[in-house]
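# Fold and geometry: a report
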Amino acid sequence: MTARREQPDFRFANLVRETYWLMREAIDMRLAPLGLSHALWRPLICLHVHDGPMTQTQLARALGLESPTVVRLLDRLTEKDWIARLNCPQDRRAYHVTLTPKARKLCVKIDKVVTEVRHEGLAGVATVELNAAIAVLEQVHRQFTALVETRSQVETPAKTKGATTRAKRPRKKESIE
């Protein structure tokens, strides 16, 4: 019997996870001199690539975080004068989150670093190989999306007082990681 860690599905899943973490670490190392960690630069870039302001709920979903976590994160970004929260005209209970001019300049630097790390990490991989890997990941992504959607339709958890749920991740990534 093949050891579990040698099975292709196990190796694939672990390589995807480990590759993401290595890319994230490489980006964090390069952005550290700017005082940025993943927790700070990722929401900025998410807002940067999104077309227009986002509500706190939209941002939480895009980041895959719970709303209370995003509120604390936005407090930190506000203290640094990187974001502004504006009243949402359609919903008085909601806020639109926008980048400040200071953050827009910073996002240009962040975007450059993220792009450089991606290019360096993929250096030497032929375009045809990269396209084949993308095709496989897209197929796997569709299958997991269907699995999650089917499961969530079958199991709708009862809402309980004080229960928190993790924000659903968007199907289309807003990030440039």
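Okay, so let's go over this structure. (Residues numbered from 1 in each chain as written. Predicted model: local features only at pLDDT ≥ 70, side-chain atom pairs only at ≥ 80, totals over all residues. Heavy atoms only, no water.)

### Some words on the overall build of the chain
Broken down by element type, the chain carries six helices and three strands. Along the chain direction, N to C, the helices and strands of the chain fall in the order α-α-β-α-α-β-β-α-α. Expressed as a percentage of its 177 residues, the buried residues of the chain come to 26%. Roughly 12,700 Å² of accessible area belongs to the chain as shown, and the carbon and sulfur atoms make up 56% of that amount. (Helix = DSSP H or I, 4+ residues; strand = E, 2+ residues; numbered from the N terminus. Buried < 20%, exposed > 50% of the residue type's maximum accessible area, 1.4 Å probe, protein only. Areas by Shrake-Rupley, 256 points an atom, 1.4 Å probe, with all protein chains shown as cover.)

### Considerations on the pattern of salt bridges
Taken as a whole and assessed by the stated rule, the structure comprises four salt bridges. Here Glu18 and Arg17 are joined by a salt bridge, their closest N and O atoms 3.6 Å apart. Judged by relative accessible area, which is 42%, Arg17 ranks as partly exposed. (Salt bridge = Lys/Arg side-chain N within 4 Å of Asp/Glu carboxyl O.)

### Describing a nonpolar patch on the surface
There is a patch of nonpolar side chains on the surface, built from Phe12, Val16, Val136 and Leu137 and spanning about 300 Å² of accessible area. Going through the elements one at a time, α1 (8-31) and α6 (127-154) are the ones with two or more residues in the nonpolar patch. (Patch = residues over 30% accessible without salt bridge, like charges linked within 9 Å, V, L, I, M, F, W, Y side chains within 5 Å.)

### Quick notes on the pairing of strand β2 (residues 83-88)
Direction of pairing for β2 relative to strand β3 (residues 91-99): antiparallel, over a ladder of six bridges. Bridge pairing in β3 links Ala84 to Thr98. Connecting β2 to the antiparallel partner β3 that follows it, the hairpin turn spans two residues. (Pairing = 2+ DSSP bridges.)

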